[in-house]
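A closer look at the structure
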Amino acid sequence: MNHQRQEKRLEQKNKRRCKLQKRFLFLALCFFCLANVVNAGAETEETETPESTAKDVSTKTKAKKKDYYLETEISTEYDTNVFDYSQDDRAEYKSYTTPNRFKGVDSLDDFITRISFNAGLEKKILDIGTTVFDLGIRGNIYAENDDKNYEVYDVSLKQRIGKDNLVKVGYEYLPKYFVRTLRDADILSGDRFRKAEFKNNNVYLKYWNRVKKSLTWWIQYTYGDKDYNSDFNERDTQFHKIDLSSVYKPFAWIKFNPRFTYSINNAAASDGDANVDSDISQEEYRAGLYVNLYPQKKLSYLLGYNFYWINYTTDNAVTADPFHTGRDDKMQHVNFRVNYALEDNLIIYLGYQYEINNAEAIGTDATQREESILGYDKHIVKTGVTISF
């Protein structure tokens, strides 16, 4: 039986490898065509390295003023732990003793291709400044875990107010995102595991301000709604989020970008029956700092650190909801990236990211084991190209 399972996995892996090769050939062709388009027009523009808020306030200086812009980014990365599984989870997956628990999981690690495209139209409709209408789409394509593939659509309207202020309103839509396979508490026997997926709608309002040439800041409010599939209606969540960030560039060779985020997430915590359901309601705090270094005109480095504290706020009894009652997650992300500009509007990069999550769940001795199956760590290696024209 184990031999047959291994043969089936090998056959599936070979099929996925063929699909991956076709995808990369297609992306390589797209990149070749785009690169030629960019190089053909490179002499007509002079660009400066954009700030972190490049989509909102461009620092480009153009020889010929255009009323539109196009930008695309293609990258690939290798993720050692796509589903953020703990060591216990990974061991259970490899043992193949509970295959129902890992529906939709074809591999613990994966190669991910990320593609984004933005197009914008700029017109001076009001005397106070330029109005910008922007459309964007970004998506992830997984080499082996097809169920993880997703795309996000974004539409926004930006209004410049003079040279130093900008207001932006936007809407984002994510049609489907596969989280992982979870236990359905309403099923008491047989196969109790179901795929957990949601769709997401976000609306946001942003204000950007330039204090002086070397200092800018922005604040953004986001309201979002996550709608899970019918197996997990108790996870349907409405959230409010505030993002605050600034960019300070005291010298030409260095830039600082501190960020802070606070969000409150209110889950339904019930699917309408009499049973006690999981409650994923939580507060999240994030503090981070990014430092950009510019030792040469075409070469730059990015160093980043983020700390996340997630506090689950459910009132459920620990015996009824051991995965969330009294739980705190403390996550840390460390980033490093190297950027090199082949042309003013053609940048390639290579990056690395390490993530670790330490989860603490309080309760009886029987629930202490949850700590060992909630925490995780992962390594991500990234490479890609950004093209703007």
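Everything discussed here concerns the structure shown above.
Residues numbered from 1 in each chain as written. Predicted model: local features only at pLDDT ≥ 70, side-chain atom pairs only at ≥ 80, totals over all residues. Heavy atoms only, no water.

1. Let's talk about the overall build of the chain
Helices and strands together make up the secondary structure of the chain, namely three helices and 16 strands. Of all 389 residues assigned to the chain, the portion counted as buried reaches 41%. Considering only residue pairs separated by 6 or more positions, the chain has 61% of its internal contacts joining residues 24 or more positions apart. As displayed, the chain has an accessible area near 21100 Å², and 57% of this comes from carbon and sulfur atoms. (Helix = DSSP H or I, 4+ residues; strand = E, 2+ residues; numbered from the N terminus. Buried < 20%, exposed > 50% of the residue type's maximum accessible area, 1.4 Å probe, protein only. Contact = heavy atoms within 4.5 Å. Areas by Shrake-Rupley, 256 points an atom, 1.4 Å probe, with all protein chains shown as cover.)

2. Details of the environment of Y173
If you trace the backbone, Y173 turns up in strand β7 (residues 165-183). Note on Y173: relative accessible area 27%, which makes it partly exposed. The contacts of Y173, once residues within four sequence positions are left out, are E151, V152, Y153, K199, N200 and N201.

3. Details of the pattern of salt bridges
Tallying each qualifying case throughout the model produces 13 salt bridges. Residue K378 pairs with D79 through a salt bridge whose shortest N-O separation is 3.1 Å. With K378 in strand β16 (residues 376-388) and D79 in strand β3 (residues 68-79), this pair connects stretches of sequence that are 299 residues apart. Looking at K378, the relative accessible area reads 5%, which means it is buried. Owing to a relative accessible area of 5%, D79 belongs among the buried residues under this scheme. Of the charged contacts in the structure, one is a salt bridge between D329 and R327, with a shortest N-O distance of 2.8 Å. When salt bridges that share partners are traced, they join D79, D84 and K378 into one network. (Salt bridge = Lys/Arg side-chain N within 4 Å of Asp/Glu carboxyl O.)

4. Observations concerning the packing of aromatic side chains
Counting across every chain of the model gives 13 aromatic pairs. When the centroid spacing of 5.0 Å and the interplanar angle of 45° are considered together, the rings of Y78 and F111 count as tilted. A residue pair is termed long-range when its members are at least 10 positions apart, and Y78 in strand β3 and F111 in strand β4 (residues 110-126) qualify at 33 residues. A centroid spacing of 6.1 Å and a plane angle of 10° characterise the contact between F251 and W253, whose relative ring orientation is stacked. Overall, F251 belongs to the exposed group, its relative accessible area being 51%. Residue classification places W253 among the partly exposed positions, given a relative accessible area of 48%. An aromatic cluster is defined as three or more aromatic residues linked by ring pairs; in this entry it consists of F83, Y85, Y93, F102 and F178. Sitting above the plane of the Y294 ring, K249 keeps its charged end 4.7 Å from the centroid. A cation over an aromatic ring shows up here: R337 above the ring of Y349, its NZ or CZ 3.6 Å from the ring centre. (Phe/Tyr/Trp six-rings, centres within 6.5 Å; stacked < 30°, edge-to-face > 60°. Lys NZ or Arg CZ within 6 Å of the ring centre and 35° of its normal.)

5. Regarding helix α2 (residues 87-95)
For α2, the set of buried residues is D89, R90 and Y93. Looking straight down α2, one finds that the buried residues subtend no more than 95° of arc, so they occupy a single side. The positive-phi residue at the C-terminal boundary of α2 is Y96, with phi of around 60°. (Arc of directions from axis to C-beta.)

6. Side note on the nonpolar core
Counting residues in each nonpolar core, the largest one holds 13 residues, and the members touching the most others are F83, Y85 and V105. Listed by contribution, the elements that provide at least two residues to this core are β6 (150-161) and β7. In contact with Y85, other than residues within four places in its own chain, are R90, F102, V105, L108, R180 and Y376. Counting seven residues, the second largest nonpolar core, distinct from the first, contains L182, F198, Y228 and A267. (Core = buried A, V, L, I, M, F, W, Y, C linked by side-chain atoms within 4.5 Å.)

7. Considering the pairing of strand β14 (residues 327-343)
For strand β13 (residues 299-312) and β14, the ladder comprises 13 bridges, and the chain directions are antiparallel. Counterpart to L299 in the pairing with β14 is Y340. Sheet topology note: the β14/strand β15 (residues 346-361) ladder contains 16 bridges and is antiparallel. Note on β15: the bridge partner recorded for A341 is I347. Hairpin connection, β14 to β15: the antiparallel pair is bridged by two residues. (Pairing = 2+ DSSP bridges.)

8. Comments concerning unusual backbone geometry
Not every positive phi belongs to a glycine, and Y96 is a case in point at roughly 60°. In this structure Y96 comes out as partly exposed when scored by relative accessible area, which is 29%. The residue A269 is not glycine, and still its phi comes out positive at about 65°. Tracing the backbone through its elements, the reader meets A269 in the loop between β11 (254-267) and β12 (282-293). Assessed through its relative accessible area of 22%, A269 is described here as partly exposed.

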